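The residues making up each chain are set out below.
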Amino acid sequence: MAAIQGFEVPVHRALTEPILLGGAPRAVAILNGTLAAAIGLGLQQWIAGVVIFVAGHTLAVFAAKRDPDFMAVLARHLRQRGWWRC
């Protein structure tokens, strides 16, 4: 299909890429940081908070490299879990 002259619109890359914080999806990074801060500051378990943050962020980054929308896919999978059960 040929493009019609005068009807081309540039699409910036920021509009098509997912929003990531440190390589992890934004919502997952915020949730992980909040959980780690609550454990580290609230319960005064500093090492546990750091370990939870590092482990959670590492897993989120690995999952986001494979599929940046893995949280939406996981939520849909959990919601439709019993559909294909044999």
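For the structure itself, consult the block above.
A few points on the structure. (Residues numbered from 1 in each chain as written. Predicted model: local features only at pLDDT ≥ 70, side-chain atom pairs only at ≥ 80, totals over all residues. Heavy atoms only, no water.)

### Observations regarding the pattern of salt bridges
Inference 1: Summed over all chains, the structure comprises 1 salt bridge.
Inference 2: A salt bridge links glutamate 17 to arginine 13; the nearest nitrogen and oxygen atoms lie 2.8 Å apart.
Inference 3: For glutamate 17, a relative accessible area of 42% gives the class partly exposed. (Salt bridge = Lys/Arg side-chain N within 4 Å of Asp/Glu carboxyl O. Buried < 20%, exposed > 50% of the residue type's maximum accessible area, 1.4 Å probe, protein only.)

### As for helix 1 (residues 26-42)
Inference 1: An ideal rise of 1.5 Å per residue puts 24 Å on 17 residues; helix 1 measures up with 23 Å between its terminal C-alpha atoms.
Inference 2: For helix 1, the full list of buried residues reads Val28, Ala29, Asn32, Ala36, Ile39 and Gly40. Burial along helix 1 is one-sided: seen end-on, the buried residues are contained in an arc of 105°. Turned more than 90 degrees away from the buried face of helix 1, the exposed residues are Ala27, Leu31, Leu41 and Gly42. (Helix = DSSP H or I, 4+ residues; strand = E, 2+ residues; numbered from the N terminus. Expected span 1.5 Å × (residues − 1). Arc of directions from axis to C-beta.)

### Concerning a nonpolar patch on the surface
Inference 1: A surface patch of nonpolar side chains, amounting to about 480 Å² of accessible area, comprises Leu41, Trp46, Ile47 and Val51.
Inference 2: Tallying contributions element by element places helix 2 (residues 46-66) first for the nonpolar patch, with 3 residues.
Inference 3: By the element assignment, leucine 41 lies in helix 1.
Inference 4: Leucine 41 sits in the exposed class, given a relative accessible area of 56%. (Patch = residues over 30% accessible without salt bridge, like charges linked within 9 Å, V, L, I, M, F, W, Y side chains within 5 Å. Areas by Shrake-Rupley, 256 points an atom, 1.4 Å probe, with all protein chains shown as cover.)

### As for helix 2
At 3.6 residues per turn, the α-helix brings residues three or four places apart onto the same side.
Inference 1: For helix 2, built from 21 residues, the straight-helix expectation of 30 Å at 1.5 Å per residue is met to within 8% by its first-to-last C-alpha distance of 31 Å.
Inference 2: Within the sequence span of helix 2, burial applies to Gly49, His57, Ala60, Val61 and Ala64. Taken end-on, helix 2 shows its buried residues confined to a sector of 100°, consistent with a single buried face. Exposed residues on helix 2 whose side chains face more than 90 degrees from its buried face are Ile47, Val51, Leu59, Phe62 and Arg66.

### With respect to the side chain of histidine 57
Inference 1: By the element assignment, histidine 57 lies in helix 2.
Inference 2: Setting aside chain neighbours within four positions, we find histidine 57 in contact with Leu21, Gly22, Ala24 and Asn32. (Contact = heavy atoms within 4.5 Å.)

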